[in-house]
Amino acid sequence: MAKIKHNNFLDTVDAVISNAKKEGVIHLYAEGESFSGREIRINGKDHFHFGTTGYLGLEQDERLKQAAIDAIRNYGTQFPLSKTYISHPLYRGLEERISKMYNNPVIITKNSTLGHMAVIPCIIRDEDGVILDHQVHWSVQSASQILRTRGIPVEMIRHNNMDMLEDKIKSLSTKCNKIGYMADGVYSMYGDFAPILELMELCKKYPQLHLYFDDVHGMSWKGKNGTGYVMEVLKELQDNVILIGTLSKTFGASGAVMVTSNQEIHTKIKNFGGPLTFSAQLEPASVAAATASAAIHLSPEIYDLQKILSHKINYFNSLLDDTDLPLVERNDSPVFFIGTGMPVTGYKFVQRLMKEGYYINLGLFPAVPVKNTGVRITISKHNFKSDIKGLVEAMVYHYPLALQETNTDNNRVRGAFYLPELKFKNLENNEGLNIEYSTTIKNIEKKEWNKLLGRRSTFDWEGLEFIEGVFRNQEKLENNWSFHYFIIRDKNSIPILATFFTYSLWKDDMLSPASVSQLLEEKRIKDPYHMTSYVLSMGSLFTEGEHLYLDTSHPRSKLALSILHREVEVLQKELNANMLVLRDFNRSNDLNETFHEQGFIKVNMPDSCIFTNFSWTSIEEYVGKLSSRSRRHFGKDIAPFEKMFDITIVGTITEGQLDKLYELYINVKNNNIGLNTFLYPKNLFTKMARDNNWEFIILHLKKDFNSYSKDPVGVMFCYKNLNHTYVPNYIGMDYKYSEKYQIYRQLLFQTIKRAKDLNFKKIDFGMTASFEKRKVGATVIPKFSYVQAKDNYSLESIGLLQKRS
């Protein structure tokens, strides 16, 4: 069966970044002949700078500047030789001072990214395992993927989830010698901290556990000698902890530092730490500037600088306390994150603040989940209190306007970040549009529904009545769905939008490679619900096709989409669904930008196939309309085998016949996990046999070709939609005969013949196996869906982001 093209991560990042760039909020260029740190010039205008990571302002310190200038004059612009051979003359002094700061051996690296690439493969042995916090910096995650090629297990947990971490430790403890947990000391977007004391307690409980911290955002502004947040908590570096700090950002120079109390590890990394061996060393100017900064860190002056910054952080916090701005994490770090929820709201908010003369960073995917977009504000020594006060006043004024401009509200944003809601009731901005909502198709007028969404797959009014009858009040969780119908009308009651959603249990690997599903299915023998999640999805797992009616000619169509998004977000929260999915859209749809702005990411689905070319009156004429290659295929693999079958088309069958057909369905389901869903209950097929809209195309091998059994060898379960669309929903086959007698191809051909005999206008062949369907004349249509999840961990677990596959 056809598989999904697993390129979603790069495609999604490209789309999100491209949208933000078009909105003028990223990929900007600073201007001017000098910097003070307080202001930054963009597009000819000076802005107060609230986007720096130089929190202590040391990058503008005259001592660092002079040291760099002197180093260039004395030693040149670079020292082009590997440190394995010989280090620059200034290196020894830098290493001695940094080592004195930490009171432990250190290794200087070109930057933290290369540092992780040097350290992680050295400290993790083949018999070890790794667990990553989902929000640990990308550079740590990227370096860890190298370990997979060595067969080392690399697991992941939700952000700061200690219960999940302990479960992973237990799972790996019998397989691994040591277990490395990797996290940030201070996280770069929300400014929150790793629960270091809790982690140290886990280390006592599980001696296999070792900790690896990236503390580049905790450096200098915290800790003895400015050694960072992690050292502030630990006081002394334990033997089972490795620390990565920075010599750039708030340290004011360039480079990074690895710190360990284990001399053996230090020696191994220095001897062969990948980029340490093969990459160039820091330039003389960077080494000199870092040495000057280290001198400041070893002096009492560092504590004066920390105190100055702390006062400004506290001042900013006190001002934010008097506002309704949704601050995601309140703490004493210099990193603040104000949530906007949807990317489009973030764009508008940043644009408004830049017009007022304030530069802040937009925090967007993949650094944060798409629906958790917001603005990252950093406080530095450069900021005056008047600047800080002005920024807060500007945010208080412009934030509600950005919300209103994008048809959202403060409580909706707070819901996305699990923050307490404000006490006032939000005023819904529907601008005269009316929302009709129902939990059953029976409350929707049949004629209108069929006019809007009939003739598509199995979700005309009658089809949905059938599906509701099967998937309500069932014993098994996977077969017990809830249904949610939306119609949005204008003031004249004319429908602008109509759709339906189902809330159901999905396998997390539904869209993953088959190899992943095979491994998980082995685990599901003992635990049927291993790695499953509840999803609120447009359409249903039973239906395929464009589940959204949208009158794009209506001037309020975009508003109607925004209202729908708001309503289903509320529903998602009420149902506690792990994911919200909008399916299925053709490549030609023009809603891509709109959905991205609202916090969805686009994912590839298996190709869909339709057949519409019924302008023939004989089989010869049908074959003549096929491509030359398909004609050869028909002559070789279809036509010669038709005479070998007894072909019957029935609407009702006995219980015994149904048992045989259900077995054939199970054969196909178990043999194909390209789109891995739960097995449907027999009750579904029983109801098909009692419904006039369903029929069965059944193949029996004639006695001359099968003298052993009278059982059917193939079946197509077909739905008749409004005498317009014929839908072969599911297939069943006996694999003992399938290849020899080309059963699958014969069923496709017989489906086309049957639809022609009934005078249908279209066949919805559905997803997967597009190569085979194309050979019988079907048109292949690439399909996309749009997904919004609680966090990026959810997206990756269900196989929609293949960043770490």
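Sequence order as written defines residue numbering, which begins from 1 separately in each chain. A pLDDT threshold of at least 70 governs which residues receive local features in this predicted model, and a stricter bar of 80 or more applies before side-chain atom pairs are shown or counted, although totals over entire chains, interfaces and linings include all residues. Water and hydrogen atoms play no part in the side-chain values, which are based on all heavy atoms of the structure.

Q: Please clarify how the state of the cysteines should be interpreted in this entry.
A: Covalent bonding between the sulfur atoms of two cysteines is what defines a disulfide. Note on terminology: disulfide denotes any pair of cysteine sulfur atoms within 2.5 Å. In this structure the tally under the stated criterion is zero disulfides. Counting only cysteine sulfurs, C203 is the nearest neighbor of C176, a cysteine outside any disulfide, at a range of 15 Å. Exposure categories follow from relative accessible area, calculated using a 1.4 Å probe and restricted to protein chains: below 20% of the type maximum is buried, above 50% is exposed, and the middle band is partly exposed. Looking at C176, the relative accessible area reads 8%, which means it is buried. On the basis of relative accessibility, which here comes to 8%, the residue C203 falls in the buried class.

Q: Even after reading the chapter, I still don't get empty space enclosed by the protein, so can you show me in this structure?
A: Any empty space left between the atoms is revealed when a probe the size of a water molecule rolls over them. With a 1 Å grid laid over protein atoms only, a set of points is called a cavity when a 1.4 Å probe fits there but cannot get out and a pocket when it is open yet has protein on both sides within 12 Å along at least five of seven lines; lining residues have an atom within 4 Å of a point. Grid points are joined across faces, edges and corners, and a volume is the space filled by probe spheres set on the points. This structure, assessed with the given rule, holds six cavities of 30 Å³ or more. Counted as a void, the largest cavity has a volume near 90 Å³. Going along the chain from the N terminus, every DSSP run of H or I of four or more residues is numbered as a helix, and every run of E of two or more is numbered as a strand. At the level of secondary structure, the elements contributing two or more residues to the lining of the largest cavity comprise β4 (106-109), α4 (112-123) and α10 (275-278). Broken down by class, the residue content of the lining of the largest cavity amounts to eight nonpolar, three polar and two charged. Approximately 80 Å³ is the volume attributed to the second largest cavity. Together, 13 residues line the second largest cavity, and G341, M342, R412, A416 and E569 are the ones closest to its centre. Elements that contribute at least two residues to the lining of the second largest cavity include exactly β11 (335-341), α15 (410-416) and α19 (557-575). Looking at which element gives the most residues to the lining of the second largest cavity, the answer is α15, with three residues. Each residue is assigned to one class: nonpolar for Ala, Val, Leu, Ile, Met, Phe, Trp, Tyr, Cys and Pro, charged for Asp, Glu, Lys and Arg, and polar for all the others, Gly among them.

Q: Sorry if this is basic, but what is going on with the packing of helix α3 (residues 91-102) against helix α11 (residues 284-297) here?
A: If you want to describe how two helices pack, look at the angle between their axes and the distance between the axes. At a closest axis distance of 9 Å, the pairing of α3 and α11 adopts a crossing angle of 30°. Of the possible angle classes, the one that applies to α3 and α11 is roughly parallel. Judged by the sense of rotation from one axis to the other, the crossing of α3 with α11 is left-handed. For the pair α3 and α11, the contacting residues are Y91, L94, R97, I98 and M101 in the first and V287, A290, T291, A294, A295 and H297 in the second. Grouping the amino acids of the contact of α3 with α11 by side-chain chemistry returns eight nonpolar, two polar and one charged. Lines fitted to C-alpha atoms define the axes, with helix axes restricted to the stretch in contact, and inter-axis angles between N-to-C directions lie between 0 and 180 degrees. Relative orientations are named as follows: roughly parallel for angles under 35 degrees, roughly antiparallel for angles over 145 degrees, roughly perpendicular for angles from 65 to 115 degrees, and oblique for any other angle. For a crossing to be left-handed, the near helix must be turned anticlockwise from the far one by less than a right angle; the clockwise case is right-handed. We call two residues contacting when some pair of their heavy atoms lies within 4.5 Å.

Q: What is the right way to look at the sheet that holds strand β6 (residues 154-157) in this model?
A: For two strands to be treated as a pair, DSSP must find no fewer than two bridges joining them. A sheet is described by the order of its strands in space; here seven strands give the open sequence β4-β10-β9-β8-β7-β5-β6, paired in mixed fashion. Two strands bound the open sheet, and with one partner strand each, they are β4 and β6. Each adjacent strand pair in this sheet contributes to an overall mean axis angle of 20°, direction not counted. Strand direction decides the pairing type here: strand β8 (residues 209-214) and strand β9 (residues 241-246), joined by four bridges, are parallel. Note that in β9 the partner of F213 across the bridge is L243. Here helix α6 (residues 162-173) sits on the sheet in contact with β5 (129-133), β6, β7 (179-184) and β8, set at roughly 160° to β6.

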